[in-house]
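Examination of the molecular architecture
Listed below are the residues making up each chain.
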Amino acid sequence: MSISKPLSKSCCAALCLSLSVSAWAQTPVSEVSAEIRRTTFGVPHIRAADERGLGYGIGYAYAQDNLCLLANEVVTVNGERSRYFGPEQMTLEERDNLSSDLFFTWLNTPQAVAAFWQAQTAEVRDLIEGYVAGYNRQLGERKGLPEQCDNPSVRPITTADVVKLTRRLLVEGGAGQFGEALVAAAPPLTASHAATHNPGPERFAMASERMQRFALDRGSNAVAIGSERSQTGHAILLANPHFPWVGGMRFYQMQLTIPGKLDVMGAALPGLPMINIGFNANVAWTHTVDTSRHFTLYRLELDPKDPTRYLLDGQSRALDKQTLTVNVKQADGSLVPVSRTFYSSVFGPVVQWPGKLDWDNHVAFSLRDANLNNDRVLQQWYAMNQARNLDALQASVNTLQGIPWVNTLAVDDQGQALYMNVSVVPYVDKAKLAACSDPRAGLEMILLDGSRSACDWTIDPSAAQPGIYPASQLPQLRRNDYVQHSNDSAWMANPNAPLSGFSPLISQDGQPLGPRARFALQRLSQPGRVSVADLQGMVMDDRVYLAGQVMPDLLTVCEALQGPVCASLKAWDQQANLNSGMGLVHFQNIMAQLLDVPDVWRVPFNPADPQHTPRGLDLEQPAVVEAVQHALLASAATVAEQGLTPEMTWGDIQGVNSARQRIAIHGGPATLGVYNAMQSVPVEGGKREVVSGTSYLQTVTFDEHGPQAQGLLAFSIASDPASKHSRDQTEAFSNKQWPRLPFTEAQIKADSQYELTTLRGHL
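Under an unreviewed UniProt entry, the protein chain has the name Acylase and belongs to Pseudomonas helleri. If you open the UniProt record of the protein chain and go to Subcellular location (unreviewed entry), you find "Periplasm".

Okay, here's the thing in structure tokens:
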């Protein structure tokens, strides 16, 4: 056991600085304390008498494990990357520093940050103020910074920083994907703009790729089993979010306790002093990225006399202008201010995407993101953390509507399972869509007529904020058998009770299911009851679902070709395990080409049978046979060029470098129907480095003793490579272990690695 000392003078100074910067966050000075009890893998179980103490412990523990990670994100959301690192370097999200800085300076204006803070409850403010003080204390106690962030950008944080981190999270599913387009937007023939920063074609190509990867990098699986299908009669939840392994969306595992008020365990995103996905004594829940639209675009009809004016209901109106400035480090170390003017209509900021959303003398485009006005997100998760039953959890989501861009699946100790597609969705019903949208744009990106105020979002007084759908009109399903979700629409959460008839902005039915959802429904349709082990096996079996749909046809073509590719395919176990052979690599290469071939399926998609279609390769079509043959030959050439050999296994190829050592990682592409979805990118020597995928794993059920939970954080709790907990859970994940999660006081104190730190101070 270790007991920490009271606040040092240097830490007090840092704390005072953080509070003075946020002048609008004034709270009387008071004593604060927290206990941080760490168990196996360094998981912190934080206990305090109130929210300020709890936040204090969370911030301190997080800084111990991930100080550099959070410091980097704080620089990013403050628009200061160019100040410290220059304008041309790239962020973790592959956006150049200057574009990133201009975007976040636009997003996180002092007015927007102050308004968000003022909207918070006293409990949430206390959590944030405690978090800031705890983080700053840990920073002040360090004798030196870790190597990866030993630079002048690291400083004590403020409550404003936490608000900015939260606002960044909110727009991930909307404006956050249009950073370059916001920065690039300028009236035609504006010479002053041409002289300032303007992202080039390569930046927009990267932005387009990033947008396409959004659902893959932040996808998820979830299954909620009710009492009717559970082997024990108790509900079971599988949480399998697929989130980035680095950066501002990397989960942190912890338990939070305020005796008599709060006792919750799970995972949280950086900077958030509450649980996003987890469980308490009575309820367990998780999230999956939804397919709902959280923003719309508006086509503005411009005034023929002036491209900075637009016509609304026949009246000419000037676009609002906002000039913002960031400081940019030069080669000699000096700082030069770079200013950018942002334009906005009543519908939102003007965006410009060359070749897609061009601002000329006739039209321009505005982006309206519903989550820019979502100041309820932190209150929402804190209410869920405290829910005593499924009714309370569902009621909080329906009332606050603070969930930004994900579905919610949950179970409780009464055996019920719940699915909710309740997030912040613009109220544009089918009638308004028909009257106001451009059918040429399709439904992937909703484009509305900005020349008529009648095309504005509908306001329903029962919704939590103007212009969004009320919860009563969004898909919800409570069952005693099961619900599941893998980033498709709400339609097939349970095929026995299809959710249909909603606005396309909410959910589209009659569309093909992704292969992960088909895999899950295949498993859940098998006779018999479901156990915890069954749900864990859905992830850890590493079955490649799509192989079962096409391998017989691939092998038929192989009979005529033979060769090493066909030999590898024949020998492959159709899984993405560490010992799976080169057939997996060839299968990925082949399907990457075949999925783009028109009419490739022998049995095309049938909305009346979404669980089993499409399937099979249409080998009756010569063009399909030719495409398969070409893909086989191309894969052989690619593998040879990469230097991969027939005897190599998937564990030799896919892995992650952790603390300067490589760990083999099982799992594979979501596009192939691997439930244990892993996004990996090519690195030297034909190897692949995991960047996203299975992150926080959790199965929870209940019995007479309370919650029974197993799980882990696949990338480990610490991002600091010097920490002894930077790779331990990653190794456990590689070995397919599901450790039990200590939850009760007795379980925590009985843990073989139990260690106590007591914090006391003032803030």
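This part is about the state of the cysteines. Within the structure shown, the criterion is met by three disulfides. Through a disulfide, Cys436 is tied to Cys455; the S-S separation comes to 2.1 Å. The chirality of the disulfide connecting Cys436 with Cys455 is left-handed, given an S-S dihedral of about -85°. Pair noted here: Cys436 is in helix 13 (residues 430-436) and Cys455 is in the loop between strand 19 (447-449) and strand 20 (476-479), with a separation of 19 residues, a long-range link. Assigned by exposure class, Cys436 and Cys455 land together as buried. Paired through a disulfide, Cys558 and Cys566 show a sulfur-sulfur distance of 2.1 Å. The disulfide joining Cys558 to Cys566 has a torsion of about -85° about its S-S bond and is therefore left-handed. Both residues of the pair, Cys558 and Cys566, count as buried. In the protein chain, the cysteines engaged in disulfides, taken in order along the sequence, are linked 1-2, 3-4, 5-6.

With that settled, consider the packing of aromatic side chains. The relative placement of two aromatic rings is captured by the distance of their centres and the angle of their planes. Considering all chains together, one arrives at 14 aromatic pairs under this definition. Consider the rings of Tyr62 and Tyr252, whose centres lie 4.8 Å apart with planes at 75°: the pair is edge-to-face. On the criterion of sequence distance, the pair formed by Tyr62 in helix 2 (residues 51-77) and Tyr252 in strand 6 (residues 252-258) is long-range, its members being 190 residues apart. A single burial state applies to Tyr62 and to Tyr252, both of which are buried. Ring geometry for Tyr427 against Tyr469: centres 4.1 Å apart, planes inclined by 20°, an arrangement best described as stacked.

Procedures and definitions
- Residues numbered from 1 in each chain as written.
- Predicted model: local features only at pLDDT ≥ 70, side-chain atom pairs only at ≥ 80, totals over all residues.
- Heavy atoms only, no water.
- UniProt positions renumbered as here; feature names shortened; annotations may be inferred.
- Disulfide = S-S within 2.5 Å.
- Helix = DSSP H or I, 4+ residues; strand = E, 2+ residues; numbered from the N terminus.
- Buried < 20%, exposed > 50% of the residue type's maximum accessible area, 1.4 Å probe, protein only.
- Phe/Tyr/Trp six-rings, centres within 6.5 Å; stacked < 30°, edge-to-face > 60°.

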